[in-house]
Amino acid sequence: MQRPIEPQAARAPSSRSAPSRYFFRRNRRWLGDIGTVVLLLLVLFPFVWLVQMSFRPNQDILGYELFFTPTLQHYRALWTGAFPASFLNSMITSLTSTGLAMAIGVPAAYALSRSGFKSSRRIALWILATRMAPPIAFTIPFFLAYRHLGLSDTLLGLIIVYLTFNLALVIWMMQPFFDGVPRELEEAAWIDGCGVWEAFCRVTLPLSAPGLAATAVICFILSWNDFFYALVLTRTNASTAPVAIVNFIQYTGWEWGRIAAAGTLVMLPVVIFSILVRNYLVRGLAAGGVKE
Amino acid sequence: MPVRRLGWAQQRQRSFILGLAPALLVLALITIAPAIYLVLTSLTPLNLTLPGTAWDFSAPAANYLDLIEDPRFTRSVWVQVKLSVATVILQLLVGLGVALLLNGSTPIREMARSGFLIPMVLPPIVVGILWRVMYAVDISPFHRFMAFIGLPVPSLITDPNWALTAIVIAETWEWFPFTMLMALAALQMIPSSPLEAARIDGANDWQIFRFVMLPYIQSTLVVAAIFRLIDSIKAFPLIFVLTDGGPGDVTEVTNYYAYRQAFTFSLWGYGSAIATLMVAGVFVLSYLIDRLTGAAYAEAD
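Attention in this report is confined to the structure presented alongside it. If you're wondering where the values come from, they're calculated on a predicted model, not measured in any experiment. (Residues numbered from 1 in each chain as written. Chains lettered and ligands numbered in written order. Predicted model: local features only at pLDDT ≥ 70, side-chain atom pairs only at ≥ 80, totals over all residues.)

Brief notes about the overall build of chain A
Regarding its fold elements, chain A presents 14 helices and 0 strands. Of the regular secondary structure in chain A, the N- to C-terminal order runs α-α-α-α-α-α-α-α-α-α-α-α-α-α. For chain A, buried positions account for 45% of its 292 residues. The contacts in chain A between residues at least 6 apart in sequence include a share of 77% that link residues at least 24 apart. (Helix = DSSP H or I, 4+ residues; strand = E, 2+ residues; numbered from the N terminus. Buried ≥ 20, exposed ≤ 12 C-beta atoms within 10 Å, placed from the backbone. Contact = placed C-beta atoms within 7 Å.)

Here you go:
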């Protein structure tokens with residue numbers, strides 16, 4: 001894999017900035033590494049700053065000394081307020097919506113992958129359009145309808161709304177995974193006496209396990225991160241963690257320590273999960289845009 | 001044996017319809033029904049504080065005619081165009097730049113790839129808060145550093161000339177990892193032989209990028225740009241936390257205007273009309289994506 005450097009070396013003397021250029025060429029590997037680390041630190045600076053703020057004592061919240069005595073006072077203050085309930089709401093809505101989307105969407109993705117229905121492509125386009133539509137177009141009718149259906153400010157209402165993007169995502173993401181499982185395996189299972197869905201459960205699903213896990217995690221992240229739907233469709237009972245942060249900004253003003261602590265708690269699950277499924281993130285978030 | 005195969009195929013086909021039906025039913029219920037409701041509402045003057053406006057179709061085009069003459073709507077579209085164009089271009093440039101840097105496979109750079117993802121996966125509300133910290137003059141490390149070196153900078157988010165730029169910076173920070181990921185995936189699909197051939201022929205780095213790499217990745221970049229363009233129309237949490245559409249209405253994008261008309265002023269009919277137009281716009285863009293990626297899918301099939 002070592003690429004020949006003779007041609008460049010031979011041309012180098014004719015160039016005016018030859019010495020510095022030669023330096024860069026020879027050291028580009030570790031210069032690139034240093035550049036990467038510096039850039040990463042710069043990019044993540046606002047993120048790290050918020051996290052460190054959440055551990056700073058109130059009297060020193062604006063400080064920037066590198067060394068300070070970390071405190072958990074902001075986290076403790078959160079624990080006694082309304083925040084834990086909203087955190088739980090976030091968990092329940094995200095997990096339930098993910099579970100429902102998987103239960104309904106996975107068989108549909110499999111059917112679309114195997115059936116060769118003529119309308120498959122049209123259905124795929126519909127699903128893509130659902131992912132693309134601006135949330136405001138859903139919030140207005142959902143808000144109006146929920147007033148009559150008694151679903152305003154309920155967890156069930158949010159779970160249903162989250163299906164609008166999760167279900168489309170599951171169908172879109174699982175299809176290529178199923179395409180990758182050879183049909184011959186299912187036929188063999190059928191000859192051994194399995195029904196279609198039994199063959200699916202025993203053969204195809206286990207082979208697509210990584211895809212299932214990645215899809216579920218991305219559904220969870222999208223529901224967990226939602227702010228707009230929860231802001232509009234909930235008030236107090238069902239408010240999720242992101243909305244709770246905004247609520248206490250509105251009631252108690254910009255109490256930086258507490259806000260930083262709440263922000264840190266809200267992003268924690270997402271950051272961990274997303275690093276676990278890094279390789280599938282592109283496909284999930286660009287649903288339809290990436291060719292495999 | 002052929003009889004048995006036919007049975008398998010038929011049984012499968014029937015099962016597939018059963019597997020697909022619940023999903024299509026639910027999707028229709030939660031996407032098509034609301035869409036119809038939205039369009040119908042946009043044809044009425046619905047205002048929840050005025051009884052009797054709910055199903056009043058006496059002047060179906062009234063909202064749309066009002067929109068044409070509403071300078072605030074026109075301004076919001078213009079703000080949206082500025083925000084979308086600026087963020088998409090910046091995200092493409094930054095994303096591509098970082099992708100080129102990360103394309104070298106050293107252990108450090110492979111680890112850094114996960115780190116660069118963080119802005120994109122953070123809850124948007126948290127992105128809003130951490131930029132609110134960066135833009136708050138009294139506590140922002142950036143502002144205090146500038147004051148320390150004798151160049152104090154006034155608050156960006158309360159200055160009408162800079163508020164939109166502040167949003168563009170935050171939005172670019174949040175979403176450049178997306179274009180970076182897509183560009184990186186495309187870069188790593190480039191076969192090594194043309195790159196090596198170009199090097200042997202004495203091409204410099206710029207020539208290699210321009211004439212060898214770019215042709216391989218340009219379709220991916222176009223798709224990434226369209227995805228970001230469509231998603232930029234949904235901008236909400238950042239604007240909500242940073243500027244609330246202000247100062248005045250300099251950062252009020254169309255999405256935010258529709259939200260205000262419906263949820264603040266209770267003008268549901270009018271808000272629905274704006275949302276309907278937005279959906280129409282997004283569908284046109286989606287169609288574009290389908291045309292651009294359709295050829296690739298046809299090949300794969």
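After that view of the structure, there is still more to cover.
Some words on the packing of helix H8 (residues 183–191) of chain A against helix H9 (residues 196–207) of chain A
Between two packed helices, both the angle of their axes relative to each other and the distance between the axes serve to describe the pair. Residues and elements named next belong to chain A. Axis separation between H8 and H9 bottoms out at 9 Å; the angle between their running directions is 135°. As summarised for this structure, H8 and H9 are arranged oblique, according to the angle between their axes. In this structure, H8 crosses over H9, and the sense of that crossing is right-handed. Across from Leu-185, Glu-186, Ala-189 and Trp-190 in H8, the residues of H9 making contact are Ala-199, Arg-202, Val-203 and Thr-204. (Axes fitted to C-alpha atoms, helices over the stretch in contact; angles between N-to-C directions. Parallel < 35°, antiparallel > 145°, perpendicular 65-115°, else oblique. Left-handed = near helix turned anticlockwise from the far one by under 90°.)

Looking at the interface of chain B and chain A
The partner chain A presents 81 residues to the 79 residues of chain B that form the contact. Counting residues per element, the side of chain B that touches chain A draws most heavily on helix H1 (residues 2–42) of chain B, which supplies 18 residues. A class-by-class count of the residues in the side of chain B that touches chain A yields 57 nonpolar, 16 polar and 6 charged. (Nonpolar A, V, L, I, M, F, W, Y, C, P; charged D, E, K, R; others polar.)

What about helix H5 (residues 124–135) of chain B?
Taking 1.5 Å per residue as the helical rise, H5 of chain B with its 12 residues ought to reach 16 Å, and the 16 Å between its terminal C-alpha atoms agrees with that figure. All buried positions along H5 of chain B are accounted for by Pro-124, Ile-125, Val-126, Val-127, Gly-128, Ile-129, Leu-130, Trp-131, Arg-132, Val-133, Met-134 and Tyr-135 of chain B. (Expected span 1.5 Å × (residues − 1).)

Remarks on helix H4 (residues 83–115) of chain A
Since the α-helix advances by 3.6 residues per turn, residues separated by three or four positions end up pointing in the same direction. All names here are of chain A. Here H4 is 33 residues long and its end C-alpha atoms lie 47 Å apart, about the 48 Å a rise of 1.5 Å per residue gives. Of all the bends in H4, the largest measures some 30° and sits at Gly-105, one to four residues before the proline Pro-107. Downstream of H4 by one or two residues, Gly-116 has phi in the positive range, about 65°. (Bend = angle between axes of the 7 residues up to and from the residue.)

Digging into the packing of helix H3 (residues 71–102) of chain B against helix H7 (residues 163–187) of chain B
All names here are of chain B. As a packed pair, H3 and H7 sit with axes 6 Å apart at the nearest point and diverge in direction by 45°. By the angle between their directions, the pair H3 and H7 is classed as oblique. Where H3 crosses over H7, the handedness of that crossing is right-handed. Considered class by class, the residues forming the contact of H3 with H7 number 19 nonpolar, 5 polar and 2 charged.

Looking at the environment of Pro-210 of chain A
Residue and element names in this part refer to chain A. Here Pro-210 is to be found in helix H10 (residues 209–225). Looking at Pro-210, the number of C-beta atoms within 10 Å reads 12, which means it is exposed. Remark: the alpha-carbon pair of Pro-210 and Gln-52, spanning 158 residues in sequence, is separated by 35 Å.

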